[in-house]
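Listed here are the chains, written in short residue letters.
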Amino acid sequence: MFAPLTDALAGLSAIEATVGLLLVSLLAAVALEFVVLRAARRYVVHTDSTYDDIVFSELRLPLVVTAALTGVLLLTQVPAVRNSTVFSAQLLRNFFGRPSLSLIVLVWAYAANRVVNRLVEEVNDRGGRFDFAPVFSNVWTLVVLLGGAATLLWLWEIEITPLLGAAGVAGIAVGFAAKDTVANFFGGIALYFDDTYKLGDCIVLDDGTSGSVVKVGIRSTTLLTRDELMVTVPNSVLNAAKITNESAPQRRRRIRVPLGVAYGTDVDDFEALAIEVAEAESLVLDSPKPRMRFRRFGSSALEYELLCWVAAPTRRRRAQHELNRALYMAVTDAEIEIPYPKRDVTFSTAASEPDAGSVVSVRDDGHVRADETTRVEAERPGDTD
């Protein structure tokens with residue numbers, strides 16, 4: 001790869017070869033900065049995405065630094081060039097090669113970390129799903145830091161096996177001491193990649209807890225209930241729980257309004273009246289259209305369900321309230337009977353037992369017929385407290 005350059009330097013003196021090589025590296029860096037990168041910059045600024053702008057701006061410096069230090073690396077890596085310099089091979093490696101390569105590693109590690117951090121910030125500014133997304137920036141920073149440190153230690157031939165052993169023991173100790181925190185952290189990551197929910201979604205847990213997701217942190221998720229209470233749930237619990245996301249895949253939700261009418265009611269007129277009431281309600285969506293469903297022959301009523309849709313889960317209870325009011329007034333005006341259970345209470349006296357009181361027989365029309373008797377002791381004459 002470097003054969004043409006080494007052949008050109010073969011006939012030069014040590015000082016001339018060194019100066020020539022460094023000059024070529026400097027010219028390459030200048031050409032990269034003012035020619036290649038400027039041309040790329042003109043192309044990048046005309047794109048709609050800002051992500052390429054971030055990548056370009058952060059990688060410009062390491063590219064230029066790498067080009068500028070290539071000549072210094074050649075002084076130590078290419079034998080023909082190394083033999084043409086005024087320094088010994090060992091001196092070149094310790095004072096030029098390794099420091100130059102270390103500087104390149106540091107510059108690229110810094111750039112890689114900056115690229116990820118800025119991309120995460122850009123995603124969050126555009127309304128990311130989770131506000132714990134910056135944790136990935138912290139994890140990436142830690143990975144880059146450890147990777148860069150390990151690379152530098154390897155370049156300077158420093159034994160890292162004892163450090164790795166100590167790090168393993170420390171990791172085990174930290175894992176046992178903070179197992180709940182670690183479980184919550186990885187539970188949050190699993191929820192993120194599973195796309196279980198996002199900020200603003202209405203979710204219901206298997207224990208009945210429900211609310212809107214207002215914050216998803218490293219350790220826990222915070223829900224805002226309809227009573228405006230903040231409920232904090234550990235991510236490990238959420239990761240193991242059954243979650244119903246009422247805001248996905250669409251935010252609209254169907255509501256069911258049960259209603260029963262008396263036997264003998266004109267079902268066609270009743271169904272048309274209920275549909276008219278639903279269509280007149282502003283909270284109910286026009287599409288899908290409201291519809292009535294005859295569910296069953298009840299013990300005392302024809303049991304119906306009015307099915308309609310609202311724009312968001314948070315509107316369901318309000319819409320059900322308005323529909324119940326409107327349906328009640330509509331059927332009342334139309335003189336349609338809404339049946340309800342009736343009870344007959346019969347009082348009788350047990351003549352065979354003079355000290356017995358009244359026997360009550362309760363009959364529940366349309367429901368369970370109860371033949372129960374309740375014996376009440378009467379107050380005897382002469383009894384005192």
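Note that the coordinates shown come from a computational prediction; the quantities given were computed from them, not determined experimentally.

### Thoughts on helix α8 (residues 179-194)
And then number 1: Under the 1.5 Å per step criterion, the end-to-end length of α8 is 22 Å for 16 residues, consistent within 8% with the ideal 22 Å.
And then number 2: Buried within α8 are the following residues: N184, F185, G187, G188, I189 and L191.
And then number 3: In the stretch just after α8, D195 is the one whose phi turns positive, near 55 degrees.

### Concerning the UniProt feature "transmembrane region" (unreviewed entry) in the protein chain
And then number 1: Those residues carrying the UniProt feature "transmembrane region" (unreviewed entry) are residues 20-40, 61-80, 100-120 and 132-154 in this numbering.
And then number 2: The straight-line gap between the two end C-alpha atoms of residues 100-120 is 31 Å; of that span, 100% is helix and 0% is strand.

### Comments concerning the sheet that holds strand β4 (residues 230-234)
And then number 1: Strand order in the open sheet made by the five strands is β4-β3-β2-β1-β5, with antiparallel pairing throughout. Whereas interior strands pair on both sides, the edge strands pair on one side only; in this sheet they are β4 and β5 (243-245). Each strand of the sheet is rotated relative to its neighbour by a mean of 40 degrees, with strand direction disregarded.
And then number 2: Pairing of strand β1 (residues 202-205) with strand β2 (residues 210-216) involves three bridges; the strand directions are antiparallel. Along β2, the bridge assignment pairs V204 with S210.

### As for the packing of aromatic side chains
And then number 1: Overall, the coordinates contain three aromatic pairs when judged by the stated rule.
And then number 2: Centre to centre, the rings of F270 and Y304 are 5.1 Å apart; their planes meet at 70 degrees, and the pair counts as edge-to-face. Of this pair, F270 sits in helix α10 (residues 267-280) while Y304 sits in strand β8 (residues 302-310), and the two are 34 residues apart along the sequence. For the residue pair F270 and Y304, the accessibility class agrees, reading buried in each case.
And then number 3: Judged by centre distance (4.8 Å) and plane angle (15 degrees), the ring pair of F294 and Y304 falls under stacked. Of this pair, F294 sits in strand β7 (residues 291-297) while Y304 sits in strand β8, and the two are 10 residues apart along the sequence.
And then number 4: Accessibility expressed as a relative area gives 2% for Y304, which makes it buried.
And then number 5: What links up through ring pairs into an aromatic cluster is the set F270, F294, F297 and Y304.

### As for the pairing of strand β3 (residues 220-224)
And then number 1: Counting buried positions over the five residues of β3 gives four, a clear majority of the element.
And then number 2: Here β2 pairs with β3 via four bridges, running antiparallel. What sits directly across from K215, in β3, is T222.
And then number 3: Taken together, β2 and the strand that follows it, β3, pair antiparallel across an intervening segment of three residues.
And then number 4: Across five bridges, β3 lies against β4 in antiparallel orientation. When the sheet's bridge partners are listed, S220 is paired in β4 with P234.

### A short note on the packing of α10 against helix α11 (residues 316-333)
And then number 1: It is at 10 Å that the axes of α10 and α11 come closest, and there the two elements cross at 140 degrees. On the basis of the axis angle, α10 is oblique to α11. Crossing of α10 over α11 shows right-handed handedness. For the pair formed by α10 and α11, the contact residues are F270, L273, A274, V277 and A278 on the first element and L323, A326, L327, A330 and V331 on the second.

Thresholds applied
- Residues numbered from 1 in each chain as written.
- Predicted model: local features only at pLDDT ≥ 70, side-chain atom pairs only at ≥ 80, totals over all residues.
- Heavy atoms only, no water.
- Helix = DSSP H or I, 4+ residues; strand = E, 2+ residues; numbered from the N terminus.
- Expected span 1.5 Å × (residues − 1).
- Buried < 20%, exposed > 50% of the residue type's maximum accessible area, 1.4 Å probe, protein only.
- UniProt positions renumbered as here; feature names shortened; annotations may be inferred.
- Pairing = 2+ DSSP bridges.
- Axes fitted to C-alpha atoms, helices over the stretch in contact; angles between N-to-C directions.
- Phe/Tyr/Trp six-rings, centres within 6.5 Å; stacked < 30°, edge-to-face > 60°.
- Parallel < 35°, antiparallel > 145°, perpendicular 65-115°, else oblique.
- Left-handed = near helix turned anticlockwise from the far one by under 90°.
- Contact = heavy atoms within 4.5 Å.

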